[in-house]
Amino acid sequence: MEGLTMLRTALKGNGFFSLATVALTLLLGKSVTAINEMANGQPTAFSIQLLVFATVVLISAYRQKVSTLLVWIIIVLDILYVLLGFNNLFAVASQISTGGKLLIIVTNVMVALFAIFQTIGIIRYRKSLKTITE
């Protein structure tokens with residue numbers, strides 16, 4: 001199945017990156033300004049939301065049958081995260097430290113890359129499914 005390997009790899013990367021972000025935010029969110037700013041001043045709530053997202057992404061990556069609807073929802077959530085992150089960055093840029101801005105930008109770029117590779121993977125996977133059924 002063409003695209004399935006890329007899709008699963010992108011999903012796993014997304015899920016594990018999200019889990020690493022959860023761990024860093026929980027451990028350092030109250031003491032490191034940049035992380036606290038990335039979490040909009042609510043590191044615990046941000047971590048819980050991201051933990052739920054990471055769990056869903058990893059379950060999707062490891063399931064025997066890939067749910068294309070769930071993958072599209074994950075992609076949309078990734079895109080929304082990036083858009084809202086950059087919106088927050090520009091809306092409150094004067095209140096965010098340089099480290100906070102850099103962390104938001106790096107995180108958003110990573111999430112955007114996951115969304116791109118997941119999109120390529122799901123498109124290739126769906127094309128390969130159509131080829132098999134024809």
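Small disclaimer: the values here were computed from a predicted structure and weren't measured. (Residues numbered from 1 in each chain as written. Predicted model: local features only at pLDDT ≥ 70, side-chain atom pairs only at ≥ 80, totals over all residues. Heavy atoms only, no water.)

**Student:** In this structure, what is going on with the overall build of the protein chain? I would like to understand it.
**Tutor:** Helix and strand counts for the protein chain stand at five helices and zero strands. Ordered by position from N to C terminus, the α and β elements of the protein chain give α-α-α-α-α. Projecting the C-alpha coordinates of the protein chain onto the three principal axes gives extents of approximately 55 × 25 × 15 Å. Within the protein chain, buried positions represent 37% of all 134 residues. Charge separation in the protein chain, taken as the distance between the mean sites of 10 positive and 4 negative side-chain charges, equals 5 Å. (Helix = DSSP H or I, 4+ residues; strand = E, 2+ residues; numbered from the N terminus. Buried < 20%, exposed > 50% of the residue type's maximum accessible area, 1.4 Å probe, protein only. Lys, Arg positive; Asp, Glu negative; His and termini not counted. Charge placed at Lys NZ, Arg CZ, Asp CG, Glu CD.)

**Student:** Would you mind showing me how to read the side chain of Gln 118 here?
**Tutor:** Within the element layout of this structure, Gln 118 appears in helix H5 (residues 98-133). With a relative accessible area of 0%, Gln 118 lands in the buried category. With sequence-adjacent residues up to four places away left out, Gln 118 is seen in contact with Leu 7, Ala 10, Leu 11, Asn 14, Ile 74, Ile 75 and Asp 78. (Contact = heavy atoms within 4.5 Å.)

**Student:** Where do I start with the nonpolar core in this structure?
**Tutor:** The nonpolar side chains of soluble globular proteins are, as a tendency, buried together. By size, the foremost hydrophobic cluster in this structure holds 20 residues, and its most contacted members are Leu 7, Leu 11, Val 66, Val 71 and Ile 122. In terms of residue count, the dominant contributor to this core is helix H3 (residues 43-62) (five residues). Apart from the residues within four sequence positions on either side, Val 71 is in contact with Leu 7, Leu 11, Ser 60, Val 66 and Ile 122. (Core = buried A, V, L, I, M, F, W, Y, C linked by side-chain atoms within 4.5 Å.)

**Student:** Got a minute to help me understand a nonpolar patch on the surface in this structure?
**Tutor:** On the surface, Leu 102, Ile 105, Val 106, Val 109, Met 110, Leu 113, Ile 116, Phe 117 and Ile 120 cluster together into a nonpolar patch covering about 710 Å² of accessible area. We classify Ile 105 as partly exposed; its relative accessible area is 35%. (Patch = residues over 30% accessible without salt bridge, like charges linked within 9 Å, V, L, I, M, F, W, Y side chains within 5 Å. Areas by Shrake-Rupley, 256 points an atom, 1.4 Å probe, with all protein chains shown as cover. Salt bridge = Lys/Arg side-chain N within 4 Å of Asp/Glu carboxyl O.)

**Student:** Honestly, the packing of aromatic side chains in this entry has me stumped. Any pointers?
**Tutor:** The geometry of an aromatic ring pair is captured by the separation of the ring centres together with the interplanar angle, meaning the angle of the planes. With the rule as written, the count across this model stands at one aromatic pair. With a centroid separation of 5.7 Å and 50 degrees between ring planes, the pair formed by Phe 17 and Phe 114 is classed as tilted. With Phe 17 in helix H1 (residues 4-28) and Phe 114 in helix H5, the pair connects residues that are 97 residues apart, well separated along the chain. Accessibility expressed as a relative area gives 23% for Phe 17, which makes it partly exposed. You can call Phe 114 buried: its relative accessible area is 13%. (Phe/Tyr/Trp six-rings, centres within 6.5 Å; stacked < 30°, edge-to-face > 60°.)

**Student:** Explain the environment of Gly 3 to me, please; I cannot follow it from the model alone.
**Tutor:** In this fold, Gly 3 is placed in the segment before H1. On the basis of relative accessible area, Gly 3 is assigned to the buried category, the value being 10%.

**Student:** Help me understand the environment of Arg 63 in this model?
**Tutor:** For Arg 63, the position within the fold is in the loop between H3 and helix H4 (68-91). In the structure, Arg 63 is positioned 55 residues away from Arg 8 in sequence and 9.5 Å away in space, judged by C-alpha atoms.

**Student:** Please clarify how the environment of Met 6 should be interpreted in this entry.
**Tutor:** Along the polypeptide, Met 6 turns up in helix H1. Judged by its relative accessible area of 26%, Met 6 falls in the partly exposed class. C-alpha separation for the pair Met 6 and Gly 121, spaced 115 residues apart in sequence, amounts to 5.3 Å. In this structure Met 6 touches Phe 117, Ile 120, Gly 121 and Arg 124, once residues within four positions along its chain are discounted.

**Student:** Just checking my understanding: could you explain the packing of H1 against H3 for this structure?
**Tutor:** Relative placement of two packed helices is described by the angle separating their axes and the distance separating the axes. Put simply, H1 and H3 touch, their axes get as near as 8 Å, and they point 155 degrees apart. Relative to H3, H1 is oriented roughly antiparallel. Relative to H3, H1 is oriented so that their crossing is left-handed. Partitioned by chemical class, the residues of the contact of H1 with H3 number 15 nonpolar, eight polar and two charged. (Axes fitted to C-alpha atoms, helices over the stretch in contact; angles between N-to-C directions. Parallel < 35°, antiparallel > 145°, perpendicular 65-115°, else oblique. Left-handed = near helix turned anticlockwise from the far one by under 90°. Nonpolar A, V, L, I, M, F, W, Y, C, P; charged D, E, K, R; others polar.)

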